[in-house]
Amino acid sequence: MNKITTMLIAAGLTGSLSACVATSDKANSKPVQKNAPVAVAPVSPDVEKTGDNNQTITLNQIMSDPAWLGRQPENIGWSVEGSELVYEREREDSELNDVYAAPVSAPEQADKVSLSELHRYRYDERVESQDGQYTAYRFEDSVFVLMPNGESVQLTRGGAPLENLRFMTDNRLMAQSGSRIVAIDLQSGRREQLLSWAFAEEPEAVSEPEDFVGSEQITLIEYIAKKRKDRQERADEADALAKQNNAVAPEPFYFDKEDRLVAATVSPNGKTAIIVTTKDTPWRGDTDIMPHYIQEDGRIDSKHVRRRVADAEPQSDTVWLVDLTEQSKTELSYVQLPGYNEDVLAEVKAENAKAKGETYEINRLPRDIGLLDSWYWREPSIRWHNNGEQVAIMLEAWDNKDRWIATVDFADKSLVSQHRLHDDAWVNYRFNQFGWLHNSETLFYQSEHTGYAHLYLQQPGQSPRALTSGQFITDNPVVTRDDTWIYYTANKKHPGVYEVYRVNTDSGESQAMTDLNGMTDFSLSPDESTLLLTHSKVTRPPELYVKSADTNSEPKKITNTISEAFLSMPWTVPQVVAVPSSDASQPVYARVYLPENFQEGEPRKAVIFNHGAGYLQNAHLGWSGYFREFMFHSMLVQQGYVVLDMDFRASAGYGRDWRTAIYRQMGTPEVQDLRDGVDWLVENANVDRARIGTYGGSYGGFLTFMALFTDPDLFQAGAALRPVTDWAHYNWGYTSNILNTPDVDPIAYRRSSPIYHAEGLESALLINAPMVDDNVFFQDSVRLVQRLIELEKENFETAIYPVEPHGFVQPSSWLDEYRRIYKLFETNL
């Protein structure tokens, strides 16, 4: 047995994986105990070692236009009628994509779709009637309907757009058109306005006089009194006509002219609507601008950008129940939501008050609450049951400590809380899918309340029933039309392996649909007979597979798009290891890139890569979005380096406690994990502790700063790319979850922002900053550089990229950036 095998066995990471070990979770399994140790399933990358070891990996090649890897399939789906699978590939020598389609019966025989037929294969929305007779879809500015006889009818072309399509219980097509919702009878073509709204003062035929003079004018002048009487009679007649004659559309519902619309939906039975409004406040301030120096006209352009979390103002939404029969509206109060007025930040506020020599007293004022605004779906967080008799609304607190699913009592005109998800840190912005089963008034939803994201069923007023449980996460739930199955993806076998499963909604038994290892995702065909899969491995970009929706069938690979040039290179196959943690009950999963015979000779130099986004998983067994870094790491290994890529605390895929470990202390748990990674490299991979560098972009750049500034002996060099330096300057949606807001919790911002710790810099530092970054502003780097100058630090350099956004685009910029990173490591390690 060689040393590398011995090391991996010691880490519990050799062997094979099988989906059959994870197919028996029961509906009524007990919740997982938080902080329980995670069992480490045996795993090794399921890839073939290919490539010519005599070839040299170069920066010029790996940082060139990525089309040389092959143009992999993306944006998978199905044709409108569902008989053909569809995907896109980047056009050769172009940034445009071509669309390909193939019949399910011959999935390898894909043809490029012509522009004239594109509307049959790509769409912005697609809905089916409840009886399956009609399919409506929107493509660009047109809406089409597939009729029962198979004919495709184009309803619109241009004009006022129709969107938010939905079928009613009587098979009329409902859609939003501007500030109204209309219904279209697909047989007669009759179009009816169901609902309209306006943000303005409601017109009054006559109004009360404003002062004494006006009052006297009405009393004294008979002409004025008669004009008022005539106006009121005309208004009353118009109201009566609208109520008694279907030829007249009802008046709009009027809302405060200072407000704006958040969402408007009508029930499938056409009786009721939900309208959500909020104050119409600007999304940015006048000073929220970004200069763009490189323009065609040689001048400087000023780009509008988002405001900072430090400037964010609390905001609430108002939910209105609209009775379309009575033409009345009622505001739905939040007082029925448990915790609606809890002072959930009392301890945080008390700590910050004490730091200022003050005392904080708990307040019980109502919290700011509104419709949950998800990054993962386009429709509003309002779900009507198909029968129109039930509606579920997902609400969230502005402080993001609570998320509620509520139904509406139409008779009592009130919200009824069905599920409250509370988190003392913050509620995850993923794992919030919810809705109704098709054939019963039963809710399905995701929740993280046991510590991991799982699937639940709940009849209103009753307790939820768990469909999945265990120390893994579920995602992308899809309910079949007969409600028998919910398809989903999960990392049951290992945190870094995602397969496709389905769970029986009656028995709670889950079945493994794939056993491919690596990263697998799916799209279920409209007739629910076929799964279109994307699957990737550590050294292989994603390809497409098809599989019958039958547990006994094997997936069939249908694309081979990886280039021979890529396959010919001697890429290093990283192992996924579990690094023991000195501060957490779970290990820190990491990819390790090892040279051959790494245990021989003198201790080696090493690099630790820090992924971006914070909540992202990169130590998995599939193809990484950081494919340039994967190739760069292989180049470093070819030159004798060891590379470690860690899923430090805050990373995705490992449950709630791992995610929230950074609450109010960003950069502290992660640096502790990096130190464990350094120790692991020294003890297991023959690495010289005095020759280790680190780098990363965005959140990874922030973490590079925190490591160098707060633990100066940990690394000898670091490169921070498009880095956050002061969290008060980042956005509200992400930052306020983790650090609250600067006015409430300045302690957390000073503890977590690198600019407050810059005096700790001792090692060599490279700062690479794009200048047209509307995510992490260029100003972040500018302010830190000035701080380092004032601290009289000498061992840092800055490189700027005048035309690059947060995600670099130009190959020349990628090459320049990684040349500098490579030079930093070669010079200092």
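Here goes a summary of the coordinates provided. (Residues numbered from 1 in each chain as written. Predicted model: local features only at pLDDT ≥ 70, side-chain atom pairs only at ≥ 80, totals over all residues. Heavy atoms only, no water.)

Overview of the packing of aromatic side chains
Part 1: All told, the structure shown has 39 aromatic pairs when counted by the stated rule.
Part 2: Taking 5.2 Å as the distance between ring centres and 20° as the angle between the ring planes, the aromatic pair formed by Trp-398 and Trp-732 counts as stacked. Residue Trp-398 is located in the loop between β22 (391-397) and β23 (402-409), and its partner Trp-732 is located in helix α11 (residues 732-739); the two are separated by 334 residues in the primary sequence.
Part 3: Geometrically, the ring pair formed by Tyr-695 and Tyr-818 is edge-to-face, given 6.1 Å between the ring centres and 90° between the ring planes. Taken together, the positions of Tyr-695 in strand β41 (residues 687-697) and Tyr-818 in helix α14 (residues 811-828) put the pair 123 residues apart, joining distant regions of the chain.
Part 4: Residue classification places Tyr-818 among the buried residues on the basis of a relative accessible area of 0%.
Part 5: Taken together, the ring pairs connect Phe-609, Tyr-626, Phe-632, Tyr-695, Tyr-801, Phe-808, Trp-814, Tyr-818 and Phe-825 into an aromatic cluster. (Phe/Tyr/Trp six-rings, centres within 6.5 Å; stacked < 30°, edge-to-face > 60°. Helix = DSSP H or I, 4+ residues; strand = E, 2+ residues; numbered from the N terminus. Buried < 20%, exposed > 50% of the residue type's maximum accessible area, 1.4 Å probe, protein only.)

Some words on the layout of surface pockets
Part 1: Approximately 1,300 Å³ is the volume found for the second largest pocket.
Part 2: Taken together, 43 residues form the lining of the second largest pocket, with Arg-260, Gln-315, Asp-373, Trp-398 and Trp-732 sitting closest to its centre.
Part 3: Every element with two or more residues in the lining of the second largest pocket is listed here: β14 (259-266), β15 (272-279), β18 (317-323), β20 (369-371), β22 and α11.
Part 4: Class assignment for the residues of the lining of the second largest pocket results in 16 nonpolar, 15 polar and twelve charged. (1 Å grid on protein atoms, 1.4 Å probe; cavity = no way out; pocket = protein on both sides within 12 Å on 5 of 7 lines; lining within 4 Å. Points joined across faces, edges and corners; volume = space filled by probe spheres on them. Nonpolar A, V, L, I, M, F, W, Y, C, P; charged D, E, K, R; others polar.)

Here's the deal with the sheet that holds strand β11 (residues 180-184)
Part 1: Within the open sheet, the five strands sit side by side as β9-β10-β11-β12-β13. Their pairing is mixed. The two strands at the open ends of the sheet, each matched to only one other strand, are β9 (163-167) and β13 (253-255). On average, adjacent strands in this sheet sit at an angle of 15° to one another, irrespective of strand direction. (Pairing = 2+ DSSP bridges. Axes fitted to C-alpha atoms, helices over the stretch in contact; angles between N-to-C directions.)

Re the packing of helix α7 (residues 627-638) against α14
Part 1: With their axes 13 Å apart at the nearest point, α7 and α14 run at an angle of 40° to one another. Considering only the axes of α7 and α14, their crossing is right-handed. On α14, the residues touching Arg-628, Glu-629, Phe-632, Met-635 and Leu-636 of α7 are Trp-814, Tyr-818, Ile-821 and Tyr-822.
Part 2: Split by residue class, the contact of α7 with α14 holds seven nonpolar, no polar and two charged. (Left-handed = near helix turned anticlockwise from the far one by under 90°. Contact = heavy atoms within 4.5 Å.)

Observations concerning the packing of helix α9 (residues 668-684) against helix α10 (residues 699-710)
Part 1: For the pair α9 and α10, the least separation of the axes is 10 Å and the interaxial angle reads 75°. On the basis of the axis angle, α9 is roughly perpendicular to α10. In this structure, α9 uses Glu-670, Val-671 and Leu-674 to contact α10, whose residues at the interface are Tyr-699, Phe-702, Leu-703, Met-706, Ala-707 and Thr-710.
Part 2: A per-class count over the contact of α9 with α10 returns seven nonpolar, one polar and one charged. (Parallel < 35°, antiparallel > 145°, perpendicular 65-115°, else oblique.)

Describing the environment of Gln-599
Part 1: Its place among the elements puts Gln-599 in the loop between β38 (588-593) and β39 (604-610).
Part 2: Along the primary structure Gln-599 and Asn-684 are separated by 85 residues, whereas in three dimensions their C-alpha atoms are 8.6 Å apart.
Part 3: Among the polar contacts made by the side chain of Gln-599, one reaches the main-chain carbonyl oxygen of Asn-684 at a distance of 3.1 Å. (Polar contact = N/O pair within 3.5 Å; in protein donor to acceptor, adjacent residues only side chain to side chain.)

Notes on the sheet that holds strand β25 (residues 434-436)
Part 1: One open sheet holds the four strands; their spatial order is β25-β26-β27-β28, and the pairing between them is antiparallel. Where the open sheet ends on each side, the last strands, each with one partner, are β25 and β28 (465-466).
Part 2: By the bridge criterion, two bridges tie strand β27 (residues 454-458) to β28 in an arrangement that is antiparallel. Paired with Leu-457 across the bridge in β28 is Arg-465.

Quick word on α11
Since one α-helical turn is 3.6 residues long, residues separated by three or four positions face the same way.
Part 1: Among the eight residues of α11, six are classified as buried, and the element is accordingly described as predominantly covered.
Part 2: Along α11, the residues classified as buried are Tyr-734, Thr-735, Ser-736, Asn-737, Ile-738 and Leu-739.
Part 3: As for α11, its buried residues are in contact with α10 and α12 (746-752).
Part 4: If you check the start of α11, you find a side-chain oxygen 3.0 Å away from the backbone N of Tyr-734, and it comes from Asn-731.
Part 5: The positive-phi residue at the C-terminal boundary of α11 is Asn-740, with phi of around 60°.

Considering a negative patch on the surface
Part 1: A surface patch of negative charge is lined by Glu-201, Glu-202, Glu-204, Glu-208, Asp-236, Glu-237, Asp-239 and Glu-251.
Part 2: By the secondary structure assignment, Glu-251 is in the loop between α4 (222-244) and β13.
Part 3: A residue is classified by how much of its surface remains accessible, and Glu-251, at 48% relative accessible area, is partly exposed. (Patch = residues over 30% accessible without salt bridge, like charges linked within 9 Å, V, L, I, M, F, W, Y side chains within 5 Å. Areas by Shrake-Rupley, 256 points an atom, 1.4 Å probe, with all protein chains shown as cover. Salt bridge = Lys/Arg side-chain N within 4 Å of Asp/Glu carboxyl O. Lys, Arg positive; Asp, Glu negative; His and termini not counted. Charge placed at Lys NZ, Arg CZ, Asp CG, Glu CD.)

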